[in-house]
Amino acid sequence: MAMLIGQLAKRTGTSERLLRYYERVGLLTSVRQANGYRDYDDAAEQRVRQIRSLLAAGLPTSLIRQVLPCALADGSLRPCPGVLDKLRAQLDRLDQRAQDLARARRTLHLAITEAERAA
């Protein structure tokens, strides 16, 4: 059963603007009706949920576009050539950012502690 963009937005809690963006960058597809309205199939709901989950994990849309063909309906990934290496590289970048944030947090905490002692 096809659904319009408003229905898909409501079912997924995603704005219509974001759904159009996902389509524009190749993450989501629709069929256009004669009046120009977008029709999405039932699989679009799960696909949007996968996109949102991958975005929340810190993946850029360019990598998500490569990962989605490997995604299974339950949200897991099958091993597609090259994709695991790219996901590992992304994980390494996230680990580095986490380390950088931890250092910044320690520096800020120290600054606050020293300022409170001086007060």
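Residues numbered from 1 in each chain as written. Predicted model: local features only at pLDDT ≥ 70, side-chain atom pairs only at ≥ 80, totals over all residues. Heavy atoms only, no water.

Peer 1: Pulling in residues and values, what's your account of the sheet that holds strand β2 (residues 31–32)?
Peer 2: Strand order in this open sheet of three strands is β1-β3-β2, and the pairing throughout is antiparallel. Looking at which strands have only one partner, the edges of the open sheet turn out to be β1 (3–4) and β2. One ladder, built from two bridges, connects β2 with strand β3 (residues 38–40); its direction is antiparallel. Paired with V31 across the bridge in β3 is D39. (Pairing = 2+ DSSP bridges. Helix = DSSP H or I, 4+ residues; strand = E, 2+ residues; numbered from the N terminus.)

Peer 1: Please give an account of the state of the cysteines that cites residues and values.
Peer 2: Here is the idea: a disulfide is a covalent bond, and it sits between the sulfur atoms of two cysteines. Applying the stated criterion to the full structure yields one disulfide. Between the sulfur atoms of C70 and its disulfide mate C80 the distance is 2.0 Å. Its S-S torsion of about -135° marks the bond between C70 and C80 as left-handed, since a negative value means left-handed. Linking C70 in the loop between α4 (61–67) and α5 (83–118) with C80 in the loop between α4 and α5, this pair joins segments that are ten residues apart in sequence. Pair check on accessibility: C70 and C80 agree, each one buried. (Disulfide = S-S within 2.5 Å. Buried < 20%, exposed > 50% of the residue type's maximum accessible area, 1.4 Å probe, protein only.)

Peer 1: How would you summarise the pattern of salt bridges if you had to cite specific residues and measurements?
Peer 2: A full pass over the atoms with the stated rule returns six salt bridges. Where R49 meets E45, a salt bridge forms, and the shortest distance between an N and an O atom there is 3.0 Å. With a gap of four residues between them, R49 and E45 both fall in helix α3 (residues 43–56), about one helical turn apart. Classification of R49 by relative accessible area gives partly exposed; the value is 37%. We note a salt bridge from R103 to D100, for which the minimum N-O separation is 2.3 Å. Of the two residues, R103 and D100 are both situated in helix α5; the distance of three residues between them amounts to about one turn of the helix. (Salt bridge = Lys/Arg side-chain N within 4 Å of Asp/Glu carboxyl O.)

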